[in-house]
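Here's the letter readout for the chains.
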Amino acid sequence: MFSIQHLPRKNDQRRVIHQPANGIRLILLVLLLSLSCSLVANPVYLSGDDPITDLQLRPVTPPPVFFKSSAPNKDSHLNWYRLDIELSPYSPHDWLMVFRQVPHKKLDVFIPVNNGYHLKKMGIDGSLSGMAPNTIMLKLKPGETKTWYIRHDPVALNSLNPELWPSLNYYEALSEQQTAISSIQTLLIVALIFIFTLTLRNRTPALYLLISHLLAANMMILMWEGDIFRVVSWPGDPGHWLSLMTATVLVTGIISYRTLTLLPIYTPKTDRLILALNTVGMALAVYAVTLASTASGATLKLAAYTLLASFALVALATAYCLYNGIRPAKMAFPSALTMVILLSWSWYTGAWPGNLPSYPELMLLSFHAVLLPLCYWYGHQQNLHHAMSINAIAPSSGKRRIFETALREHLQNPDSPLSDNDLIQKVLATFEEVLPGVPAMMLCHQQDEWHFSLGESTDYSKTANNLARQLPDIEDDLLSVIAAGIETKINFKDRYGAIYWVFPLNMEHGNKILMVLSPSRHHRNAATWQTASDISNHARTLFQANRQSLFWQQQANLDPLTGLLNRRAFCREADNIIQAFLDQAVLDTTTRSCCALFMDMDDFKQLNDQQGHHAGDQILKTTALVCRQSLRHHDLLGRYGGEEFVALLPNTEPWQAFLVAERMRNAIVSEHAKNHRWVNCQPITVSIGISALSKDMNSLDKMLEEADSAMYQAKQKGKNRTSISTSLTDVRLPAT
């Protein structure tokens, strides 16, 4: 409560004390008084039943009567306004001063009470009590005039717009508004639950976009109601958050339309333009809320009109898809067109997008968010019945046909295992030679992604791209049909009448390879189908045999006990690495560092004799595992023979190799001590020797021989230690 002296009223009479003066001074004084009286605004006169929504607030300087102890800061950014209100003697209503439901960052109202003023906080620091925390009751008697003062922190995009309402009329309108908002929120939640349910069965980008759109619409409503800003602390101005959320609702809605109506497939250039406009519009909206000037309103308008242009392009592209018979556009087109028309009319006649969205615009965007899931459901139901026709054709006979000699030679088993890519090209070349003119491609499904492989002699990229565009629609059905049996052949037809024959060749988990043919009308006969089936059967056999060959080749390179590379495989791989280092050294005139480790279990023969061969095998397995864990992924590790292990460390200096060897040696001792299971067994240790690649030590044999000699030096010095080759003179190496 602020005590205050009587403030002069606007229509108080001013007395002029006449003093002796000349006529000119008297005339000027009269003119000055007349001008000052004309500048004083008339009070707002309350009468009738209609609200007053175009109040003209009069800026004033901070009234000094509010500050008895100290004057306000002259550099304060807060604006002060004065509002004089007079109640008609015949008005039957109690009146309210109503502010926007989205609270301001700072808004204080000084209410006249008795001989002073009472401060009422209406910003985000205000109270949530009462049915409408954004309203103030005007306690006026009929025929009485009072003055209110308003202190406000001006922020762009959230202007001050108080209104005066008869209390009963406002509470009636507020009740209807809250009922409508509660209903639309209920519909949004139901739609969200419906989309979440569909997501559990069919996870597609369209569903995730719809979920984002529905969540953004719900958050927009909560922000528009304003209570969320008083309950939870938010950085920045609430109006800015509402503007950003409204732009997010528009962007997610536009992107949902382009996904639902398959615009990326049928109008790729227009789709890229739509994405660009969405990106620019959202960037402008973010930039607008960061501006602290009047230019932010113009920037937000530009962002909104950019998004409106993007929405108009969506409507045009959807009309094009509808013209070409794309069924998902049948329901999406009228919805998108209606939304563009209503938004254009609303923005042309209303305050938004220069200011915060109004109640009708909020309801329009929210109701549209409820309709989008219906568009998806309609398109999904149409796709289930009409989008694709997939038939699974079981093999008619388990007997293989006898191939011609040339065909048998072309598909014979290779002498050595091939990579998947080489084998795919071999099969594609067979199809191009045996069935010329029939587009053939390989479809690979790896890590939830599809990849196409085409033959090298004929370009069927157009056919592959057409199938790739339709894969999202048929992926689930296609994989479920294939999972029914690897012997099944698949024949499906797209909405344009194109026929595709699919032959599964490899159906390993995470690596599925399908042979796909797209025969033209004159190739669709029983002979072509049987030939394609025969080739695919043999190709599947090739893939299986190649997999087995690769497996056994890998097994031949591994030590059966420890799983490390055996001596032959280690030497082959290590020679290749060292040769690559030497070749690079010729080009760079420098020798890149590469080190070798030679490890030997200490007193292993004695351990084997005391504990038995089974214990010895377990010790070797544990040692191999610790060594593997101590090295990098690209380091080479192998079992050289018996209890000896070797390692090659590319791009490693000798002093670094010493640290690696010591870490490995200590880890081996620690691991065996922790898992000690043998009675009367001495500590299990290892001795390690180190050598490095150099001009003199320029082969694997020399490096291993030098490392072996260093290892024997470690044995002679007491075992369980790391020894360095005498040829290494790096000062960073410790003395051993």
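Procedures and definitions
- Residues numbered from 1 in each chain as written.
- Predicted model: local features only at pLDDT ≥ 70, side-chain atom pairs only at ≥ 80, totals over all residues.
- Heavy atoms only, no water.
- Helix = DSSP H or I, 4+ residues; strand = E, 2+ residues; numbered from the N terminus.
- Buried < 20%, exposed > 50% of the residue type's maximum accessible area, 1.4 Å probe, protein only.
- Contact = heavy atoms within 4.5 Å.
- Areas by Shrake-Rupley, 256 points an atom, 1.4 Å probe, with all protein chains shown as cover.
- Phe/Tyr/Trp six-rings, centres within 6.5 Å; stacked < 30°, edge-to-face > 60°.
- Patch = residues over 30% accessible without salt bridge, like charges linked within 9 Å, V, L, I, M, F, W, Y side chains within 5 Å.
- Salt bridge = Lys/Arg side-chain N within 4 Å of Asp/Glu carboxyl O.
- Pairing = 2+ DSSP bridges.
- Axes fitted to C-alpha atoms, helices over the stretch in contact; angles between N-to-C directions.
- Parallel < 35°, antiparallel > 145°, perpendicular 65-115°, else oblique.
- Nonpolar A, V, L, I, M, F, W, Y, C, P; charged D, E, K, R; others polar.
- pLDDT = per-residue confidence, 0-100.
- Left-handed = near helix turned anticlockwise from the far one by under 90°.
- Core = buried A, V, L, I, M, F, W, Y, C linked by side-chain atoms within 4.5 Å.

Draft legend 1. Main features of the overall build of the protein chain. Check the secondary structure of the protein chain and you find 19 helices and 21 strands. Here the protein chain holds 736 residues, and 47% of them are scored as buried. Once local pairs closer than 6 in sequence are excluded, the contacts in the protein chain between residues at least 24 apart make up 73%. Accessible surface for the protein chain amounts to roughly 38,000 Å². Of this, 56% is attributable to carbon and sulfur atoms.

Draft legend 2. Fine view of the packing of aromatic side chains. Summed over the entire model, instances satisfying the criterion amount to 12 aromatic pairs. Relative to Tyr170, the ring of Trp165 has its centre 5.5 Å away and its plane inclined at 70°; by these criteria the two rings are edge-to-face. A ring pair is formed by Tyr305 and Trp347, whose centres lie 6.2 Å apart and whose planes are at 65°; its orientation type is edge-to-face. Here Trp347 lies in helix α9 (residues 329–349) and Tyr305 lies in helix α8 (residues 295–323), a separation of 42 residues in the sequence. Classification of Trp347 by relative accessible area gives buried; the value is 4%. Ring pairs connect the aromatic residues Trp165, Tyr170 and Tyr171, which therefore count as one cluster.

Draft legend 3. Structural detail: a nonpolar patch on the surface. Taken together, the side chains of Leu128, Val231 and Val232 make up a nonpolar region of the molecular surface, amounting to roughly 250 Å² of accessible area. Inspection of the secondary structure assignment puts Val232 in the loop between α4 (227–231) and α5 (238–260). Using a relative accessible area of 41% as the deciding quantity, one classes Val232 as partly exposed.

Draft legend 4. Inspection of the sheet that holds strand β5 (residues 95–98) at higher detail. Read from one edge of the open sheet, three strands run β8-β5-β10, paired in antiparallel fashion. One side of each edge strand has no neighbouring strand; the edge strands of this open sheet are β8 (135–138) and β10 (163–166). The mean inter-strand angle of the sheet, taken between neighbouring strand axes irrespective of direction, is 30°. Direction of pairing for β5 relative to β8: antiparallel, over a ladder of four bridges. Bridge assignment links Val98 to a residue of β8, and that residue is Thr135.

Draft legend 5. Spotlight on the packing of α5 against helix α7 (residues 268–290). Closest axis-to-axis distance for the α5/α7 pair is 10 Å, and the angle between their directions is 175°. As judged from the angle between their axes, α5 and α7 are roughly antiparallel. Residues His240, Ser243, Leu244, Ala247, Thr248, Val251, Ile254, Ile255 and Arg258 of α5 touch α7, and the partners they reach there are Asp271, Ile274, Leu275, Asn278, Met282, Ala285, Val286 and Val289. Taken together, the residues that form the contact of α5 with α7 break down as 11 nonpolar, four polar and two charged.

Draft legend 6. Main features of the confidence of the model for the protein chain. Scored by pLDDT, the protein chain has a mean of 79; 79% of the residues are at 70 or more. Long-range and interchain partners of residues 1–21, a stretch whose pLDDT sits below 50, account for 34 contacts in this model, where long-range means more than four residues apart. Considering only residues more than four positions removed or in separate chains, one finds that residues 32–39, a stretch of pLDDT under 50, has two contacts.

Draft legend 7. Fine view of the packing of α7 against α8. Contact geometry of α7 with α8 gives a least axis separation of 8 Å together with a crossing angle of 160°. Here α7 lies roughly antiparallel to α8, going by the angle between them. Read as a crossing pair, α7 and α8 show a hand that is left-handed. Contact with α7, carried on its side by Thr270, Leu273, Ile274, Leu277, Asn278, Val280, Gly281, Met282, Leu284, Ala285, Tyr287 and Ala288, involves Ser296, Thr299, Leu300, Leu302, Ala303, Thr306, Leu307, Ala309, Ser310, Leu313, Val314 and Ala317 of α8 and no other residues of that element.

Draft legend 8. Inspection of the sheet that holds strand β17 (residues 594–601) at higher detail. Pairing is mixed across the open sheet formed by five strands, whose spatial order is β18-β19-β17-β20-β21. The sheet is open, and its two edges are formed by β18 (636–641) and β21 (722–724), each paired on a single side. Between one strand axis and the next, the sheet turns through 20° on average, direction left out of account. Two elements, β17 and strand β19 (residues 644–650), share seven bridges in a ladder whose sense is antiparallel. Bridge pairing links Leu597 to Ala647 in β19. Across the sheet, helix α18 (residues 654–674) touches β17, β19, β20 (686–692) and β21, and the angle it forms with β20 is around 165°. Sheet strands touched by helix α19 (residues 700–716): β17, β18, β19, β20 and β21. Its angle to β20, the strand with the most contacts, is close to 140°.

Draft legend 9. Molecular detail of the nonpolar core. In this structure, Phe311 and Leu343 are the most contacted members of the largest nonpolar core, which totals 69 residues. With residues near it in sequence (within four places) discarded, Leu343 still touches Leu250, Leu308, Phe311, Leu364 and Leu365. Of all hydrophobic cores here, the second largest spans 30 residues; its members include Cys627, Ile668, Ile688 and Ile724.

Draft legend 10. Molecular detail of the pattern of salt bridges. By the definition in use, this model includes 15 salt bridges. Where Arg58 meets Asp84, a salt bridge forms, and the shortest distance between an N and an O atom there is 3.2 Å. Taken as a pair, Arg58 in strand β3 (residues 58–60) and Asp84 in strand β4 (residues 79–87) lie far apart in primary sequence, 26 residues in all. A residue is classified by how much of its surface remains accessible, and Arg58, at 22% relative accessible area, is partly exposed.

Draft legend 11. Fine view of the pairing of strand β15 (residues 499–508). Within β15, eight of the 10 residues are buried, leaving the element largely enclosed by the surrounding structure. Relative to strand β16 (residues 511–517), β15 runs antiparallel, the two sharing seven bridges. Each residue of the ladder has a partner; that of Trp501, found in β16, is Leu517.

Draft legend 12. Inspection of unusual backbone geometry at higher detail. The phi dihedral of Asn651 is positive, around 55°, even though this residue is not glycine. If you trace the backbone, Asn651 turns up in the loop between β19 and α18.

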